[in-house]
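Residues per chain, in single letters:
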Amino acid sequence: MPRAPVRADERALAPDLARGVMLLLIAVANTTFYLWGRESGALNAHPAHGSLADQVTQTLIITGVDGRVYPMFAFLFGYGMVQLLLRQEAAGVTRGSALALLRRRNLWLIVFGLVHALLLWTGDILGAYGLAGLVLASLFLRRSDRTLLTWAGIGTGLLVAFSALAVVGAIGAAATDTPAQQGPDVTRVIMDTISETDPLAAALGRLAVWPLIVFAQGLLTLVVPVAILLGFWAARLRILEEPQRHVALLLWVSVGGIAIGWLGGLPNALHHVGVLPVPDTASWVFSATQPTTGLAGGIGYAALFGLFGYRLRERARHGFVVSAVAAVGKRSLSCYLAQSVLCAPVLAAWGLGLGAALGSAQMAGYAVATWLVTVLGSVLLERAGRRGPAEALLRRLSYRRPNPGTTADVSRSTTR
């Protein structure tokens, strides 16, 4: 039988802290799609026009958030999968039983994602990560560290090559004034479901596009698979649990990754707000460069929180802010779903429709307020010694037995 879920005293600070801040960035990125009812950018959901405050907000989000958050989420997701596997094996569970537990967990994540998309949010990421987790766990969790890094390198090389070819093609298109070929635009599809006033039609639209998003984001774009493989490798080395052994690596990855992520996103942001003129025939290049540089930025963010863990490792007690953000990270699934509950019915056209009345700066403020609500809820649950409701349900379904509701119960169940 699989051992019970992780106890509170077994958790490392850095991954929970990273997940907690990541959820703030996810809220900022996702609420952009609720700015419906106006002209948006050709390559993103940000409004094409706005006040100076709106343009500054858009510049910051496109540079440091868009396309940078979900690789970080994927890295932490892969890291958590290996943590679970190693914890099960350390307790004497066979590799086969531990992998079966992971399969059940990923299958249920897909189900959670389906329900999430049907009821609230088209751009659900749970299904994509559940699918990627199923495929990559079966292919790579039994493989060596060298194999993990080799395939992560192959995926990264393909992304870089695609971006380089896109840059060359965009330069040629701009020089010859060749019209851009428009492919399927997932951003527009997501925004169409948000601007739909009929709740049933919006739900059916979300359900129709969800499989495409799951397959494309989970496997085809390569960003999520590469980030998950790097998470597998990093977890085997316990890089986030034992950051003191990997300070140099964390420093180089955080500085280099974030620099690449920001420098890669800045031209896209400046073009969007009209500061950097790029011909319409070549502006599609950002759809290729943004994911590649976003991968570097997302991994850089994760490494940065490893350094935070190093700085905080010897403190017996952490300040309220650190503890509160970590409490969100412990309940990342519940807080992620709570964001949709707090946003979709209020902002979408099929709900109260307030998204049409907000600018980019105001929407960013709404995103921060949404995250703060989840912080408050997480702190209250932490003080009560209780898990997040979505975590409790997922663990009950995955472990196939009643899941203790409190931290104290979990501790007792693992010492019997």
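In the block above lies the structure referred to throughout.
The rules behind these values
Residues numbered from 1 in each chain as written. Predicted model: local features only at pLDDT ≥ 70, side-chain atom pairs only at ≥ 80, totals over all residues. Heavy atoms only, no water. Salt bridge = Lys/Arg side-chain N within 4 Å of Asp/Glu carboxyl O. Helix = DSSP H or I, 4+ residues; strand = E, 2+ residues; numbered from the N terminus. Buried < 20%, exposed > 50% of the residue type's maximum accessible area, 1.4 Å probe, protein only. Core = buried A, V, L, I, M, F, W, Y, C linked by side-chain atoms within 4.5 Å. Contact = heavy atoms within 4.5 Å. Expected span 1.5 Å × (residues − 1). 1 Å grid on protein atoms, 1.4 Å probe; cavity = no way out; pocket = protein on both sides within 12 Å on 5 of 7 lines; lining within 4 Å. Points joined across faces, edges and corners; volume = space filled by probe spheres on them. Phe/Tyr/Trp six-rings, centres within 6.5 Å; stacked < 30°, edge-to-face > 60°.

A short note on the pattern of salt bridges
Inference 1: One pass over the structure, following the stated rule, counts 8 salt bridges.
Inference 2: Taking the shortest distance from any N to any O, the salt bridge between E382 and K330 comes out at 2.8 Å. Linking E382 in helix α14 (residues 360–383) with K330 in helix α12 (residues 320–330), this pair joins segments that are 52 residues apart in sequence.
Inference 3: Judged by relative accessible area, which is 32%, E382 ranks as partly exposed.
Inference 4: Under the relative-accessibility criterion, K330 is labelled partly exposed at 23%.
Inference 5: A salt bridge links R331 to E382, with the nearest nitrogen and oxygen atoms 2.8 Å apart. Pair noted here: R331 is in the loop between α12 and α13 (332–347) and E382 is in helix α14, with a separation of 51 residues, a long-range link.
Inference 6: Given the relative accessible area of 5%, R331 is considered buried.
Inference 7: Residues joined by salt bridges that share partners form a network here, namely R238, E241, E242 and R245.

Here we look at the nonpolar core
Inference 1: Counting 100 residues, the largest nonpolar core has Y34, F75, Y129, L141 and F232 as the members making the most contacts within it.
Inference 2: Among the elements that take part in this core, helix α3 (residues 69–90) stands out by supplying 13 residues, more than any other.
Inference 3: Filtering out sequence-adjacent residues up to four positions away, Y129 remains in contact with Y70, F73, A74, F77, N106 and V224.
Inference 4: Judged by nonpolar contacts, the second largest core, of 6 residues, contains A166, A170, F286 and A288.

Focus: helix α9 (residues 223–236)
Inference 1: Between its first and last C-alpha atoms α9 spans 20 Å; for 14 residues at 1.5 Å apiece the expected length is 20 Å, and the two agree.
Inference 2: A large share of α9 lies buried, amounting to 12 of its 14 residues.
Inference 3: Of all the residues in α9, the buried ones are V223, V224, P225, V226, A227, I228, L229, G231, F232, W233, A234 and A235.
Inference 4: The secondary structure elements touched by the buried residues of α9 are α3, α5 (126–140), α6 (145–176), α8 (199–220), α10 (247–272) and α11 (286–312).
Inference 5: After α9 finishes, the residue R238 shows a positive phi value of roughly 55°.

Section: empty space enclosed by the protein
Inference 1: Evaluation of the coordinates by the stated rule reveals 2 cavities of 30 Å³ or more.
Inference 2: Empty space within the largest cavity amounts to approximately 80 Å³.
Inference 3: For the largest cavity, the full set of lining residues is A27, N30, T31, Y34, W121, Y336, Q339, S340, C343 and T370.
Inference 4: At the level of secondary structure, the elements contributing two or more residues to the lining of the largest cavity comprise α1 (13–31) and α13.
Inference 5: With 4 residues, the single largest contributor to the lining of the largest cavity is α13.
Inference 6: Of the voids in this model, the second largest cavity is the one considered here, and its volume is about 30 Å³.
Inference 7: The wall of the second largest cavity is formed by V28, T31, T32, L35, H46, I61, S360, M363 and A364.
Inference 8: Residue assignment for the lining of the second largest cavity shows that the elements contributing at least two residues are α1 and α14.

Looking at the packing of aromatic side chains
Inference 1: If you walk through the whole model with that rule in mind, you get 8 aromatic pairs.
Inference 2: With a centroid separation of 6.2 Å and 40° between ring planes, the pair formed by F75 and Y79 is classed as tilted. Of this pair, F75 and Y79 both sit in helix α3, 4 residues apart, which is roughly one turn of the helix. Accessibility classification places F75 together with Y79 in one group, the buried group.
Inference 3: Their ring planes at 25° and their centres at 5.7 Å tell us that F77 and Y129 sit as a pair that is stacked. Here F77, found in helix α3, pairs with Y129, found in helix α5; they are 52 residues apart in sequence, far enough to count as distant. Both residues of the pair, F77 and Y129, belong to the buried class.
Inference 4: The rings of F73, F77, Y129 and Y336 are connected pair by pair, giving a single aromatic cluster.

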